Amino acid sequence: MKALITGASSGIGLEMAKYLSELGYDLIVISQNKNKLDEIYINFTTKVKTLEFDLTKEDNCYKLFDMVKKDKIDILINNAGFGDFGKFTETSLDKELDMINLSLAIYEELKQVNSKVKISIFCPGPVNTNFNKVANVKFNITSIGSNFAARYAIDNMFKNKLIIVPPNMKLNRIFTKISPTKLTLYIESKIQEKDKK
């Protein structure tokens, strides 16, 4: 069994790698700093291959694919990511475009061709990781730990859940489903104003 995890040098990605290693998975782990990966993963009990790629660059995605396409990968965790905070007109366009290029929704395509590939989307809400620093945001609602987030996501992935929402965010998800869109947008904007540093 083998898992490939992007963004695996810290936070949720690292905790997911630890958990999958505990479950017996060999790992291919990716981040922008191979030296850091080598230091972190030196004592793992399962086999670990460390790779350095900046996956916001399209060419690197193709290079990574060419490098691992012969590996039998059972689980792909596309965890590489970051966020930004602020008004759309005041944030960096390059940063916004990098976020869009890093994300790809393929669930419906796979479903239409009866693929055996399963997709799960983890929506953790606030988690105590370096993500918050990069996004320049602090949250007024309870954050969960990255270890809990990782285990919750993987356990529910194995149950073939499409949308995985941890307990601290379930009320929020229910509210957004039943409330009018304009009301939701208004409340979200007020929350973000409070969260702004």
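Residues numbered from 1 in each chain as written. Predicted model: local features only at pLDDT ≥ 70, side-chain atom pairs only at ≥ 80, totals over all residues. Heavy atoms only, no water.

Peer 1: Is there a simple way to explain the environment of N156 in this structure?
Peer 2: By the secondary structure assignment, N156 is in helix α7 (residues 146–157). Exposure remark for N156: the relative accessible area of 8% places this residue in the buried category. In the structure, N156 is positioned 36 residues away from S120 in sequence and 8.4 Å away in space, judged by C-alpha atoms. If sequence neighbours within four positions are ignored, N156 has contacts with K161 and I164. A distance of 2.8 Å separates a polar atom in the side chain of N156 from the backbone oxygen of Y152. (Helix = DSSP H or I, 4+ residues; strand = E, 2+ residues; numbered from the N terminus. Buried < 20%, exposed > 50% of the residue type's maximum accessible area, 1.4 Å probe, protein only. Contact = heavy atoms within 4.5 Å. Polar contact = N/O pair within 3.5 Å; in protein donor to acceptor, adjacent residues only side chain to side chain.)

Peer 1: Would you mind going over the pairing of strand β3 (residues 48–52) with me for this structure?
Peer 2: Regular strands have side chains that alternate between both faces of the sheet. Note that strand β2 (residues 26–31) and β3 share five bridges and pair parallel. Bridge pairing in β3 places V29 opposite T50. (Pairing = 2+ DSSP bridges.)

Peer 1: Mind showing me how you'd approach the sheet that holds strand β4 (residues 75–77) here?
Peer 2: Sheet strands pair by backbone hydrogen bonding; their relative direction is either parallel or antiparallel. If you walk across this open sheet you meet the four strands as β3-β2-β1-β4, and the pairing is parallel. Each edge of the sheet is formed by a strand with only one pairing partner; in this case those strands are β3 and β4. Across the sheet, the mean angle from the axis of one strand to that of its neighbour is 15°, orientation sign disregarded. Sheet analysis places strand β1 (residues 2–6) next to β2, joined by five bridges and oriented parallel. If you follow I5 over to β2, its bridge partner there is V29. (Axes fitted to C-alpha atoms, helices over the stretch in contact; angles between N-to-C directions.)

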